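# Inside the fold
Spelled out from the first residue to the last, the chains are:
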Amino acid sequence: MNKQVNTAVLGCAVICALGLNPVLASTTATARIVGGYTQNISNTPWQVAIGTFGVDTYFGQYCGASILNDIWILTAAHCFFETDGSPTTDELIVTIGESALSTASPTNQYRFTVADNVHIHPDYNTSGFDNDIALIQLPSPMDLATCGNKCEAIELVTPANEGTTAHPSANAWVSGWGGTTRYTPDSEGLPPEGFQQTFDDTLKELEVSILTCEGTLGTDYTENTICAGASDLFLEDSCQGDSGGPLSVANNDGTGFLLAGIVSYGHGCAAGFSGAYTRVSKYNDWINTRFSNPNVAPGNTGSSNGPVPAAAKSGGGATGFPLLVLLLGLAVFRARVRRCELVLN
């Protein structure tokens, strides 16, 4: 499959900021893309949508994820927590092989719950950004063969090949169904008063470059973070609703793609900062350990230091868009919030 090179920006996702009218905030690593271009799922066939079962609009999509094989899906840990730091109890769905969520086929959807099917990294903490990674172990295999070229697994960047595939200045691609409107956060990390994020149901993609986090993100990162951004950080970015989705790079022989990062957090959407992604190469051993012990129950859901601060995910269930968005300083997770009033195209 060939990637288009386009200077437009991928859209952002949404957050309902507490204390504001149903205001939608956006972040740099979740939901829809700001800028970018419309993409067919056959060109990014590892991309899937995570939503809340029972929500009609776009199947309650609030995060993205990547297919690793017919049972395992990789995403961000923060997609599965409520504002009080507890795991969501909602029944969730994965949608595969679809470019437009409004016309998605039920045969391409698989239901799961956090308690039974989600493995949160044991060192993830709801009060921070580090180790923002989780595996979904579906209760039954996805039918990837019938789905054809719209559903394919992606291999991971490893410590051995990261220096030649996901090095600073390397081309990369981020995709999702997140928010599409840029915004600069105020002094508290919130979107401007009255701001409303815009979404539609079509997959978007943005070409970016791997960047050094120092000087482009701020101080909210660790060695487990990989940063990426468009040529103009004020025009294009990932955003709320893109959380958990893939940051992919070309493999060494140019015949395919590797997963380098997972959309995690950022400062606003297209607000002059790079986006922050979970560095997949740091978690190869943890992922392989889960694969080799498929019958081990999820068992842990990270740790919590109490309630999630500021504008985090609201409510739950089938009444709105699920998502966890955390605001720590100016940095925000990029997932949509539930029970938000969205502006949809």
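Just so it is clear, the structure is predicted and the values come from calculations on it, not from any experiment.

## What to know about the environment of Asn131
By the element assignment, Asn131 lies in the loop between β9 (118-120) and β10 (134-137). Not counting residues within four places of it along the chain, the set of residues in contact with Asn131 comprises Ala77, His121, Asp123, Tyr124, Asn224 and Tyr283. Within the structure, the side chain of Asn131 is placed 2.8 Å from the side chain of Tyr283, a separation counted as a polar contact.

## Points about unusual backbone geometry
Phi at Asn131 is positive, roughly 60°, even though this residue is not glycine. Here the phi dihedral of Ala270 falls at roughly 55°; this positive angle occurs in a residue that is not glycine. Within the secondary structure, Ala270 sits in the loop between β17 (257-266) and β18 (275-279). Residue class for Ala270 comes out buried when judged on its relative accessible area of 0%.

## A few points about the pattern of salt bridges
A complete count under the given rule lists 2 salt bridges for this structure. Here Arg111 ties to Glu91 by a salt bridge, and the two come within 2.8 Å at their closest N and O atoms. You can see Arg111 sitting in strand β8 (residues 109-113) and its partner Glu91 sitting in strand β7 (residues 91-96), a full 20 residues away along the chain. Ionic pairing is found between Arg279 and Glu162, a salt bridge with its closest N-O pair at 2.7 Å. Of the two residues, Arg279 sits in strand β18 while Glu162 sits in helix α3 (residues 162-165), which places them 117 residues apart along the sequence. Each member of the pair, Arg279 as well as Glu162, is classed as buried.

## Quick word on the pairing of β17
For β17, the buried fraction is high: 10 of the 10 residues fall into the buried class. As paired elements, strand β16 (residues 246-250) and β17 share 5 bridges and run antiparallel to each other. Within β17, the residue paired with Ser248 across the bridge is Leu259. Between the end of β16 and the start of β17, which pair antiparallel, lie 6 residues, with Gly254 showing a positive phi angle near 75°.

## Some words on the state of the cysteines
Under the counting rule described, the total for this entry stands at 4 disulfides. Shown here is the disulfide that connects Cys213 with Cys227, its sulfur atoms set 2.1 Å apart. On the sign convention where negative means left-handed, the S-S torsion of about 110° between Cys213 and Cys227 marks this disulfide as right-handed. Placement of Cys213 in the loop between β14 (204-211) and β15 (225-229) and of Cys227 in strand β15 is noted, with a sequence separation of 14 residues between them. For Cys213, a relative accessible area of 8% gives the class buried. Among the residues examined, Cys227 registers a relative accessible area of 0% and is labelled buried. In this model Cys239 forms its disulfide with Cys269; the gap between the sulfur atoms is 2.0 Å. Judged by the torsion about the S-S bond (90°), the Cys239/Cys269 disulfide is right-handed. Of this pair, Cys239 sits in the loop between β15 and β16 while Cys269 sits in the loop between β17 and β18, and the two are 30 residues apart along the sequence. Pair check on accessibility: Cys239 and Cys269 agree, each one buried.

Criteria and thresholds
Residues numbered from 1 in each chain as written. Predicted model: local features only at pLDDT ≥ 70, side-chain atom pairs only at ≥ 80, totals over all residues. Heavy atoms only, no water. Helix = DSSP H or I, 4+ residues; strand = E, 2+ residues; numbered from the N terminus. Contact = heavy atoms within 4.5 Å. Polar contact = N/O pair within 3.5 Å; in protein donor to acceptor, adjacent residues only side chain to side chain. Buried < 20%, exposed > 50% of the residue type's maximum accessible area, 1.4 Å probe, protein only. Salt bridge = Lys/Arg side-chain N within 4 Å of Asp/Glu carboxyl O. Pairing = 2+ DSSP bridges. Disulfide = S-S within 2.5 Å.

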